[in-house]
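# Observations on chain architecture
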Amino acid sequence: MPVQWIQRPSCPTPEPLHVTRLFTAFQATYRPDFYFRGESHDFWELVYAAQGEVGVAADDEIFTLHRGQLILHPPMVFHRIWSAGQTAPTVIIFSFCAEGLSPARPPVRTLTPADAARVHRILKGIQTGFVMHHIRPYAVRPECLAEARRAVCLLEYLLLSVSDSGADPRTARAEDEDARRYRELLAVMQAHLAEPLTLAQLAALARMSESTVKKLFARYAGTGAIHYFTNMKIRRAMQLLRAGARVNAAADALGFADPNYFSTVFRRVTGETPSAFRRGGTQP
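So, here's what we can say about the structure. Within any chain, residue numbers begin from 1 and follow the written order of that chain's sequence. For a predicted model such as this one, the threshold for reporting local features is a pLDDT of at least 70, and the threshold for listing and counting side-chain atom pairs is 80 or more; totals across whole chains, interfaces and linings nevertheless cover every residue. To obtain the side-chain values, all non-hydrogen atoms of the structure were used and water was disregarded.

### Focus on the side chain of His41
Elements are defined by DSSP. Helices are runs of H or I of four residues or more, strands are runs of E of two residues or more, and each kind is numbered from the N terminus. Along the chain, His41 falls in the loop between β2 (35-39) and β3 (44-51). Owing to a relative accessible area of 11%, His41 belongs among the buried residues under this scheme. Within polar-contact distance, the side chain of His41 engages the backbone oxygen of Phe43 at 3.0 Å. Each polar contact in these results corresponds to two N or O atoms within 3.5 Å; when the atoms are within protein, one needs to be able to donate a hydrogen and the other to accept it, and residues that are neighboring in sequence are counted only if both atoms are side-chain atoms. Polar contacts involving the side chain of His41 include one to the side chain of Glu45, which spans 3.1 Å. Every residue pair with non-hydrogen atoms within 4.5 Å of one another is taken to be in contact. For His41, the residues in contact, after removing those within four places along its chain, are Pro75, Met76 and His79. For every residue, the accessible area (1.4 Å probe, protein chains only) is compared with the maximum for its type, and the residue is labelled buried under 20%, exposed over 50%, or partly exposed between those bounds.

Here you go:
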């Protein structure tokens, strides 16, 4: 008697959230006077305040994370962290590539007790399941494959939980006068991204003194205003190149009169030439 195959109706599943690479996983306790000058990179970063308070800058937004809160930085967002509230905060940080993950707005969330415990389990699982080089997972330990998989699955579950949660009423966005003026400066930069602004021109456009501009960037960005502006241009250039723009067109769109100089700056910031990046640079 021939075998009968029964075809049953099926339903497609949603696109999964998948963590594809790990870059860092660590816990650190900082001094009350700690500050990190800031960075941007083409992968995600999760910062969790396990104890104390930390100040966080994410592009034009300034937050204070209290115990039990986290912030999720999408790729290419310039971010900085410092001790706040005269505390010696303890933070747990994961950085990773992920597929199917969308930026959260606002990016700060207060975790449930279960998710807070999950953060610690993820860190322990990564440190057990992977060969660690200081703060960086280097390779999966063959004898701990199940633990490594479990840690990654828990991280994916945590990201889903954070993405699905609503706006956090406890989110502490800094609203003092300096934070407002810093956001105004970044808005001016964004509006004039195609121009080769000098510090004097930026200050004039924002109706501020040059010394005020320097002070605000020292406080919130940990770098000079024009250095930040240049990095902002390069982050935009990466988006244009990924979208298929030619190198000369990207340079021209961002106010670089000399494509060779653009290539030099791009390589200094990213570590590779714009041509190499366009052919297949690291994807977030």
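Let us keep going from here.
### Overview of unusual backbone geometry
The phi torsion at His134 lies on the positive side, around 60°, for a residue other than glycine. Within the secondary structure, His134 sits in the loop between β10 (130-133) and β11 (136-140). Residue classification places His134 among the exposed positions, given a relative accessible area of 74%. Here the phi dihedral of Arg207 falls at roughly 60°; this positive angle occurs in a residue that is not glycine. With respect to the secondary-structure elements, Arg207 resides in the loop between α4 (199-206) and α5 (210-220).

### Notes on the pattern of salt bridges
A pair is scored as a salt bridge if a Lys or Arg side-chain nitrogen falls within 4 Å of a carboxyl oxygen belonging to Asp or Glu. Evaluated as defined, the whole model comprises ten salt bridges. Notably, a salt bridge pairs Arg150 with Glu147, separated by 2.8 Å at the nearest N-O pair. Of this pair, Arg150 and Glu147 both sit in helix α2 (residues 145-164), separated by three residues, roughly a single helical turn. A salt bridge links Asp178 to Lys215; the shortest N-O distance between them is 4.0 Å. Within this pair, whereas Asp178 is found in helix α3 (residues 177-191), its partner Lys215 is found in helix α5, the two being separated by 37 residues in sequence. By relative accessible area, which is 45% here, Lys215 ends up partly exposed. Each of the salt bridges in this network shares a partner with another, and the network as a whole consists of Asp178, Arg181, Lys215 and Arg219.

### Thoughts on helix α8 (residues 259-270)
Between its first and last C-alpha atoms α8 spans 16 Å; for twelve residues at 1.5 Å apiece the expected length is 16 Å, and the two agree. Listed as buried for α8 are Phe262, Val265 and Phe266. Take α8 and look down its axis: the buried residues cluster within an arc of 100°, on one side only. For α8, the exposed residues set more than 90 degrees away from the buried face come down to Asn260, Arg267 and Arg268. In the core, the buried residues of α8 are packed alongside α6 (225-242), α7 (247-253) and α9 (274-280). Its side-chain oxygen at 2.9 Å from the backbone nitrogen of Asn260, Asp258 defines the N-terminal cap of α8. One or two positions beyond α8, positive phi appears at Gly271, with a value near 90°. A helix's residues, less one, multiplied by 1.5 Å, set its expected span. Note that the arc is computed from the directions linking the helix axis to the C-beta atoms.

### Topic: the pairing of β3
Of all eight residues in β3, seven are buried; the element is thus mostly enclosed. Where β3 meets strand β8 (residues 90-99), seven bridges bridge the pair, whose relative direction is antiparallel. Its bridge partner being in β8, Glu45 is matched across the sheet by Ser95. By this definition, two strands are paired if DSSP reports at least two bridges between them. For β3 and strand β6 (residues 69-73), the ladder comprises four bridges, and the chain directions are antiparallel. Of the residues in β6, the one forming a bridge with Val47 is Ile71.

### Digging into the packing of α3 against α4
Whenever a helix is involved, its axis is fitted only over the stretch in contact; in every case the axis is a line through C-alpha atoms, and angles between N-to-C directions fall within 0 to 180 degrees. Where α3 meets α4, the closest approach of the two axes is 10 Å, and the angle between their N-to-C directions is 115°. Viewed along their axes, α3 and α4 adopt a mutual orientation that is roughly perpendicular. Note on packing geometry: the crossing formed by α3 with α4 is right-handed. For the pair α3 and α4, the contacting residues are Leu185, Val188 and Met189 in the first and Leu202, Leu205 and Ala206 in the second. Throughout this description, any angle smaller than 35 degrees is read as roughly parallel, any larger than 145 degrees as roughly antiparallel, any in the 65 to 115 degree range as roughly perpendicular, and the remainder as oblique. Take the far helix as your reference; a near helix turned counterclockwise from it by less than a right angle gives a left-handed crossing, and one turned clockwise gives a right-handed crossing.

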